[in-house]
Amino acid sequence: MPDETEHYFTADPSVPFERQKVEFEAWDQELAMESGSGVFAKGRLDIGTSVLFKETEPPVQGRFLDLGCGYGAIGLTIAKQVPLASVIGIDVNERAVRLMNDNARALGVDSRVVACTPDQVPTDYTFDEIWSNPPIRIGKEALHELLLTWLPRLLPGGRAVMVVGKNLGGDSLQRWLTEQGYPTERIGSAKGFRVLESIRPA
């Protein structure tokens with residue numbers, strides 16, 4: 001039997017595609033979305049993303065990137081909570097892109113939300129904030145390359161908010177991000193996860 005956890009960061013997972021509803025509470029609002037097989041966290045809100053919501057306050061406004069969006073839990077929650085938000089979700093997994101766009105339509109925020117693959121984002125498009133439960137399991141080298149591709153897209157003074165498991169290198173990632181010129185602080189910690197905030201200097 002294929003291991004779904006090895007498929008969610010591939011472009012076209014080989015496991016049959018079956019949708020499954022997900023209901024969760026985030027920032028004092030109830031949300032219902034669809035997840036799917038071959039996509040991260042099928043049928044649930046994963047613990048890391050739950051910690052991210054519990055340890056943060058909603059942003060206010062701006063252009064947001066949901067990096068490694070999956071079915072859209074983070075980006076769509078921002079869009080529902082923040083009327084002045086526009087959100088791009090990116091994922092290499094084509095099923096995830098389809099699910100986030102479908103969920104955006106179902107939630108009535110598709111005029112302010114689009115999901116796509118990374119190569120479809122214009123190279124000059126910038127963001128006020130990046131929110132992410134990054135795909136740590138792609139490996140340290142690939143993760144570093146991913147972050148150094150997208151963190152420079154932050155506007156000066158912009159921030160990235162990420163949740164990373166402590167046992168998956170959350171503390172060392174905090175140090176590495178600071179060394180790369182993005183001062184990073186831990187702004188929350190629960191259930192074995194770190195919530196990190198990185199700033200692009202003005």
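The rules behind these values
Sequence order as written defines the numbering, with residues in each chain counted from 1. Given that this is a predicted model, residues contribute local features only at a pLDDT of at least 70 and side-chain atom pairs are listed and counted only at 80 or more, while totals for whole chains, interfaces and linings are drawn from all residues. With hydrogens and water set aside, each side-chain value is computed from the structure's full complement of heavy atoms. Secondary structure is summarised from DSSP: a helix means a run of H or I of at least four residues, a strand means a run of E of at least two, and numbering begins at the N terminus for each. Note on method: radius of gyration uses C-alpha positions; expected globular size equals 2.2 Å times residues raised to 0.38. When a residue's accessible area, from a 1.4 Å probe over protein chains only, is under 20% of the maximum for its type it is buried; when over 50% it is exposed; and in between it is partly exposed. By the counting scheme adopted, Arg and Lys are positive, Glu and Asp are negative, and His together with the chain ends is not counted. A charge is said to be at NZ when it belongs to Lys, at CZ for Arg, at CG for Asp and at CD for Glu. Two strands qualify as a pair provided that DSSP identifies no fewer than 2 bridges between them. Whenever a helix is involved, its axis is fitted only over the stretch in contact; in every case the axis is a line through C-alpha atoms, and angles between N-to-C directions fall within 0 to 180 degrees. It only takes one pair of heavy atoms within 4.5 Å for two residues to be counted as in contact. Within this analysis, patches are made of residues with over 30% relative accessible area and no salt bridge. Like charges are joined at 9 Å or less; nonpolar side chains (Val, Leu, Ile, Met, Phe, Trp, Tyr) at 5 Å or less. Surface exposure here means Shrake-Rupley accessible area, sampled with a 1.4 Å probe, where a residue is shielded only by the protein chains that are shown. Each salt bridge in this description consists of a side-chain nitrogen of Lys or Arg and a carboxyl oxygen of Asp or Glu lying within 4 Å of one another. pLDDT expresses how confident the predictor is about each individual residue, on a scale running from 0 to 100. Should an angle fall under 35 degrees it is called roughly parallel, over 145 degrees roughly antiparallel, and 65 to 115 degrees roughly perpendicular, with every other angle called oblique. Left-handed describes a crossing in which the near helix is turned anticlockwise from the far one by less than a right angle; the clockwise case is right-handed.

Q: Can you walk me through the overall build of the protein in this structure?
A: Scanning the protein from N- to C-terminus turns up five helices and nine strands. Traced from its N-terminal end to its C-terminal end, the protein shows the element sequence β-β-α-β-α-β-α-β-β-α-β-α-β-β. Against the 2.2 N^0.38 benchmark of 17 Å for 202 residues, the protein shows a C-alpha radius of gyration of 16 Å, consistent with a compact globule. The principal-axis extent of the C-alpha atoms belonging to the protein is close to 45 × 40 × 35 Å. For the protein, buried positions account for 52% of its 202 residues. Across the protein, the mean location of the 21 positive side-chain charges is 2 Å away from that of the 28 negative side-chain charges.

Q: Which parts of the structure should I look at to understand the sheet that holds strand β7 (residues 154-165)?
A: Strand pairs in the sheet, formed through backbone hydrogen bonds, run parallel or antiparallel to each other. Read across the sheet, seven strands follow the order β5-β4-β3-β6-β7-β9-β8 without closing on themselves; strand pairing throughout is mixed. Pairing within the sheet leaves two strands with one partner each, and these edge strands are β5 (113-116) and β8 (184-190). Across the sheet, the mean angle separating the axes of adjacent strands is 15° when strand polarity is ignored. As paired elements, β7 and strand β9 (residues 193-199) share seven bridges and run antiparallel to each other. Looking at the pairing, Val164 lines up with Arg194 of β9. Against the sheet, helix α2 (residues 73-81) engages β3 (62-67), β4 (85-90), β5 and β6 (127-132), with an angle of about 170° to β4.

Q: What's the story with a negative patch on the surface in this structure? I'm lost.
A: Side chains of Glu23, Glu25, Asp28, Glu30 and Glu57 sit close together on the surface and give a patch of like negative charge. Given a relative accessible area of 74%, Asp28 falls into the exposed group.

Q: What's the story with the confidence of the model for the protein in this structure? I'm lost.
A: A low pLDDT means the predicted coordinates there should not be read in detail. Model confidence for the protein is summarised by a mean pLDDT of 92, while 93% of its residues fall at 70 or above. Confidence drops under pLDDT 50 across residues 1-8; counting only partners more than four residues distant or on other chains, this segment forms 17 contacts.

Q: It is not clear to me how the environment of Leu143 should be interpreted in this structure. Could you clarify?
A: Along the chain, Leu143 turns up in helix α4 (residues 140-150). Excluding its chain neighbours within four sequence positions, the residues that come into contact with Leu143 are Pro134, Pro135, Ile136, Ile138 and Leu173.

Q: Looking at this structure, how should I read the packing of α4 against helix α5 (residues 170-179)?
A: A pair of packed helices is captured by two measures, namely the crossing angle of their axes and the spacing between those axes. For the pair α4 and α5, interaxial distance at closest approach is 12 Å and the crossing angle is 45°. In terms of orientation, α4 lies oblique with respect to α5. Pair α4 / α5 crosses with right-handed handedness. Of α5, the residues touching α4 (which contributes Leu143, His144, Leu147 and Leu148) are Leu173, Trp176 and Leu177.

Q: Hey, could you run me through the environment of Phe64 in this one?
A: Structurally, the position occupied by Phe64 is in strand β3. Judged by its relative accessible area of 1%, Phe64 is buried. Measuring from C-alpha to C-alpha, the distance between Phe64 and Thr126 comes to 8.9 Å, with 62 residues separating the pair along the chain. Discounting chain neighbours no more than four positions away, the residues touching Phe64 are Pro59, Ile78, Ala85, Ser86, Val87, Ile88, Phe127, Glu129 and Trp131.

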